[in-house]
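Architecture and fold: a report
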Amino acid sequence: MNSDSDLQIAGDILEVLHLLQPEREHPSTVADFTRLARTIAADRPRWEHLVRYDATTRWYHRLLTGPGYEVWLLSWLPGQTTGLHHHGPSSGVLTVLDGTLTERNAPSGPSGPSRRVLEPGAQRVFAPQHLHEIVNDSLEPAVSLHVYFPGLTEMPMHTSAPAAVAVARADA
Ligand SMILES: [Fe+2]
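Owing to the predicted nature of the structure, the values given are computational and were not obtained by experimental measurement.

So, the sheet that holds strand E2 (residues 69-76)
One open sheet holds the five strands; their spatial order is E1-E2-E8-E3-E6, and the pairing between them is antiparallel. Edge positions in the open sheet fall to strand E1 (59-66) and strand E6 (123-126), since each of these has one partner strand only. For this sheet the average axis-to-axis angle between neighbouring strands, irrespective of direction, equals 20°. The pairing of E2 with strand E8 (residues 142-149) spans seven bridges and is classified as antiparallel. The residue bridging Glu-70 from the neighbouring strand is Tyr-148, located in E8.

So, the pairing of strand E4 (residues 101-105)
Counting buried positions along E4 yields five of five residues, so the element is predominantly enclosed. Neither face of E4 is exposed, since Leu-101, Glu-103 and Asn-105 on one face and Thr-102 and Arg-104 on the opposite face are all buried. Relative to strand E5 (residues 115-118), E4 runs antiparallel, the two sharing four bridges. Note on E5: the bridge partner recorded for Thr-102 is Val-117. The sheet contact formed by E4 and strand E7 (residues 132-135) spans four bridges and is antiparallel. Residue pairing in the sheet places Asn-105 in a bridge with His-132 of E7.

Things to note about the nonpolar core
Core analysis: the biggest nonpolar cluster contains 17 residues, and Ile-40, Trp-47, Val-71, Leu-73, Leu-145 and Val-147 have the highest contact counts within it. Contributing elements (two or more residues each) for this core: helix H1 (30-42), E1, E2, strand E3 (91-98) and E8. If near-sequence neighbours (up to four positions away) are discounted, Trp-47 is found in contact with Ile-40, Ala-41, Leu-63, Leu-73, Leu-97, Asp-98 and Val-143. Formed by eleven residues, the second largest nonpolar core is a distinct cluster that contains Trp-72, Leu-74, Leu-94 and Phe-126.

Focus on the side chain of Ser-91
Within the secondary structure layout, Ser-91 lies in strand E3. On the basis of relative accessibility, which here comes to 16%, the residue Ser-91 falls in the buried class. Excluding its chain neighbours within four sequence positions, the residues that come into contact with Ser-91 are Phe-126, Ala-127, Pro-128, Val-147, Tyr-148 and Phe-149.

Examining the coordination of the iron ion
By definition of the ideal shapes, a tetrahedral metal site with four donors has angles of 109.5 degrees and an octahedral site with six donors has angles of 90 or 180 degrees. Looking at the iron ion, one finds its protein donor set to be His-85 (NE2), His-87 (NE2) and His-132 (NE2), positioned 2.1 Å from the metal centre. Written as a sequence motif, the donor residues of the iron ion are H-x1-H-x44-H.

Observations regarding the packing of aromatic side chains
For the structure shown, the criterion picks out four aromatic pairs. Between Phe-33 and Phe-149, the ring centres sit 4.0 Å apart and the planes meet at 10°, which makes this aromatic pair stacked. Remark: Phe-149 occurs in strand E8 and Phe-33 occurs in helix H1; sequence separation between them is 116 residues. Accessibility expressed as a relative area gives 4% for Phe-33, which makes it buried. Pairwise contacts between aromatic rings join Phe-33, Tyr-69 and Phe-149 into one cluster.

Definitions and cut-offs
- Residues numbered from 1 in each chain as written.
- Predicted model: local features only at pLDDT ≥ 70, side-chain atom pairs only at ≥ 80, totals over all residues.
- Heavy atoms only, no water.
- Pairing = 2+ DSSP bridges.
- Helix = DSSP H or I, 4+ residues; strand = E, 2+ residues; numbered from the N terminus.
- Axes fitted to C-alpha atoms, helices over the stretch in contact; angles between N-to-C directions.
- Buried < 20%, exposed > 50% of the residue type's maximum accessible area, 1.4 Å probe, protein only.
- Core = buried A, V, L, I, M, F, W, Y, C linked by side-chain atoms within 4.5 Å.
- Contact = heavy atoms within 4.5 Å.
- Donors = N, O, S within 2.8 Å, 3.2 Å for Na, K, Ca; no water.
- Phe/Tyr/Trp six-rings, centres within 6.5 Å; stacked < 30°, edge-to-face > 60°.

So this is what it looks like as structure tokens:
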């Protein structure tokens, strides 16, 4: 019995060889990219010493590249925000490593305006052209990891504020 896992195999493992694909060298599916992000998130010595905070602009550092993807480390001081934007043809996985971030979606999106508070460990997968704003509206710094596939080539900004933003600001 393996005390490190609840996974147990019943029957003859040699009968399921067709399901045992060799591990790929590089991620290529959404599941692979979210797994890659979780693996990096759990490996704090790999990224923690690299983090910088910059009061004048959002700080970012390209942590890793591979065929068709790149991984960025970002820091967020309280109040720092992306503004409303999308990522062109790139899909992405956002993973919060430290602190709390808030994602606000555009009111014209398929699910309408929304606001999500993302705590450490939270992951958001977004499709190409997904319009959103990420902001640190907490009182503590935050760190996040962003995987883009394909690598980020553009990040067009939009000027109209999401309804969720407008609601939040009206409440402030
Ligand atoms: Fe984004």
